[in-house]
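Structural features, examined
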Amino acid sequence: GENVEQHPSTLSVQEGDSAVIKCTYSDSASNYFPWYKQELGKRPQLIIDIRSNVGEKKDQRIAVTLNKTAKHFSLHITETQPEDSAVYFCAAIGTSYDKVIFGPGTSLSVIP
Amino acid sequence: EPEVTQTPSHQVTQMGQEVILRCVPISNHLYFYWYRQILGQKVEFLVSFYNNEISEKSEIFDDQFSVERPDGSNFTLKIRSTKLEDSAMYFCASSESLQNYGYTFGSGTRLTVV
């Protein structure tokens, strides 16, 4: 089945700097890659997603890139703010196209 | 904005007891899911449900677990005989279609087995 790995597990950046989180997936048939942000004690919330027919997608300070050949995808957050502090999960659609498989998460801390 | 609602927000139960976690998916969504998250760990897939039947389940979803859509609005997860290791946050999610993979998660039920 699908396996999603994510690095780093923790990340601290100064406010205003950029943060990059990288993920790899195992199933070459996966074609949908969402990113979720989870604040402490709250539900995961979809922040951006990318489908395999595009290589990059941007939404204000957040961008995601996808390299299908290498089975890598990354989240880029620019001009980080303290409210960006949260756990970020990458995910990939499973082979059955009926479930989303999550990576282990990255705890991002933005230091004011 | 439509929401997935879950009740209760927190459930404490004794080991061996049965619990039912309830979810009301978004009304026009057809695909329903349960995920769980042990404290500090990743979100794990439990089960997906479509057209009144389970479409996929994970290894975690053993015979102690069952799901049901008893009426047109509720989607429930039952754990028959809870174990200490069932303590986790359980999230319900729903999706409009397989072509629109953006899950909407509920706010979760924190299950504590003592």
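For the structure itself, look to the data block above.
Residues numbered from 1 in each chain as written. Chains lettered and ligands numbered in written order. Predicted model: local features only at pLDDT ≥ 70, side-chain atom pairs only at ≥ 80, totals over all residues. Heavy atoms only, no water.

**Structural notes on the overall build of chain B**
Along its length, chain B carries zero helices and eleven strands. Listed N to C, the secondary structure of chain B is β-β-β-β-β-β-β-β-β-β-β in terms of helices and strands. Taking 13 Å as the expected radius of gyration for a compact globule of 114 residues, we find that chain B reaches 13 Å, a close match to that expectation. The buried share of chain B, reckoned over its 114 residues, is 45%. Contacts in chain B between residues at least 24 apart in sequence constitute 54% of all its contacts with a sequence separation of at least 6. Summed over all atoms, the accessible surface of chain B reaches about 5,700 Å², with 45% contributed by carbon and sulfur. Mean positive and mean negative side-chain charge positions of chain B (9 and 14 charges, respectively) differ by 4 Å. (Helix = DSSP H or I, 4+ residues; strand = E, 2+ residues; numbered from the N terminus. Rg over C-alpha atoms; globule rule 2.2 N^0.38 Å. Buried < 20%, exposed > 50% of the residue type's maximum accessible area, 1.4 Å probe, protein only. Contact = heavy atoms within 4.5 Å. Areas by Shrake-Rupley, 256 points an atom, 1.4 Å probe, with all protein chains shown as cover. Lys, Arg positive; Asp, Glu negative; His and termini not counted. Charge placed at Lys NZ, Arg CZ, Asp CG, Glu CD.)

**Things to note about the state of the cysteines**
Counted according to the given criterion, the structure contains two disulfides over all chains. Through a disulfide, Cys 23 of chain A is tied to Cys 90 of chain A; the S-S separation comes to 2.0 Å. Of note, the bridge from Cys 23 of chain A to Cys 90 of chain A carries an S-S torsion of about -100 degrees and is left-handed in sense. Here Cys 90 of chain A lies in strand β9 (residues 86-93) and Cys 23 of chain A lies in strand β3 (residues 19-25), a separation of 67 residues in the sequence. Here Cys 23 of chain A matches Cys 90 of chain A in class, with each residue buried. The disulfide partner of Cys 23 of chain B is Cys 92 of chain B, and the gap between their sulfur atoms is 1.9 Å. The sign of the -65 degrees torsion about the S-S bond sets the Cys 23 of chain B-Cys 92 of chain B disulfide as left-handed. Of this pair, Cys 23 of chain B sits in strand β3 (residues 19-24) while Cys 92 of chain B is found in strand β9 (residues 88-95), placing the two residues 69 residues apart along the sequence. Take Cys 23 of chain B: its relative accessible area is 0%, and that puts it in the buried class. (Disulfide = S-S within 2.5 Å.)

**Examining the interface of chain B and chain A**
Across the boundary between the two partners, chain B contributes 24 residues, which contact 20 residues of chain A. Across the contact surface, chain B and chain A share zero salt bridges. The interface formed by chain B and chain A includes four residue pairs in polar contact (both at pLDDT 80 or more). The set of elements that each furnish at least two residues to the side of chain B that touches chain A consists of β4 (31-37), β5 (44-50), β6 (53-57) and β9 of chain B. Sorting elements by how many residues they give to the side of chain B that touches chain A places β4 of chain B first, with four residues. (Salt bridge = Lys/Arg side-chain N within 4 Å of Asp/Glu carboxyl O. Polar contact = N/O pair within 3.5 Å; in protein donor to acceptor, adjacent residues only side chain to side chain.)

**As for the layout of surface pockets**
Estimates place the volume of the largest pocket at around 370 Å³. Lining the largest pocket are 22 residues; nearest its centre among them are Gln 38, Leu 40 and Val 87 of chain A together with Gln 37 and Gly 40 of chain B. Element by element, the count of residues in the lining of the largest pocket is highest for β9 of chain A, at three residues. When the residues that make up the lining of the largest pocket are grouped by side-chain class, the tally is eight nonpolar, ten polar and four charged. Taken as a whole, the second largest pocket encloses approximately 300 Å³ of empty space. What lines the second largest pocket is a set of 15 residues, among which Glu 2 and Ile 101 of chain A together with Lys 42, Phe 45 and Ser 58 of chain B lie closest to the centre. Those elements that place two or more of their residues in the lining of the second largest pocket are β10 (100-102) of chain A together with β5 of chain B. Considering every element that reaches the lining of the second largest pocket, the biggest residue donor is β10 of chain A, with three residues. Grouping the constituent residues of the lining of the second largest pocket by class yields seven nonpolar, three polar and five charged. (1 Å grid on protein atoms, 1.4 Å probe; cavity = no way out; pocket = protein on both sides within 12 Å on 5 of 7 lines; lining within 4 Å. Points joined across faces, edges and corners; volume = space filled by probe spheres on them. Nonpolar A, V, L, I, M, F, W, Y, C, P; charged D, E, K, R; others polar.)

**Notes on the sheet that holds β3 of chain B**
Residue and element names in this part refer to chain B. Pairing is antiparallel in the open sheet, where four strands are placed in the order β1-β3-β8-β7. Strands with a single pairing partner mark the edges of an open sheet, and in this sheet they are β1 (5-7) and β7 (65-68). For this sheet the average axis-to-axis angle between neighbouring strands, irrespective of direction, equals 20 degrees. (Pairing = 2+ DSSP bridges. Axes fitted to C-alpha atoms, helices over the stretch in contact; angles between N-to-C directions.)

**Side note on the sheet that holds strand β8 (residues 72-77) of chain A**
Residues and elements named next belong to chain A. Within the open sheet, the five strands sit side by side as β1-β3-β8-β7-β6. Their pairing is antiparallel. Looking at strand neighbours, the two that pair on one side only are β1 (4-7) and β6 (56-59), the edges of this open sheet. Recorded for the sheet is a direction-independent mean angle of 15 degrees between the axes of neighbouring strands.

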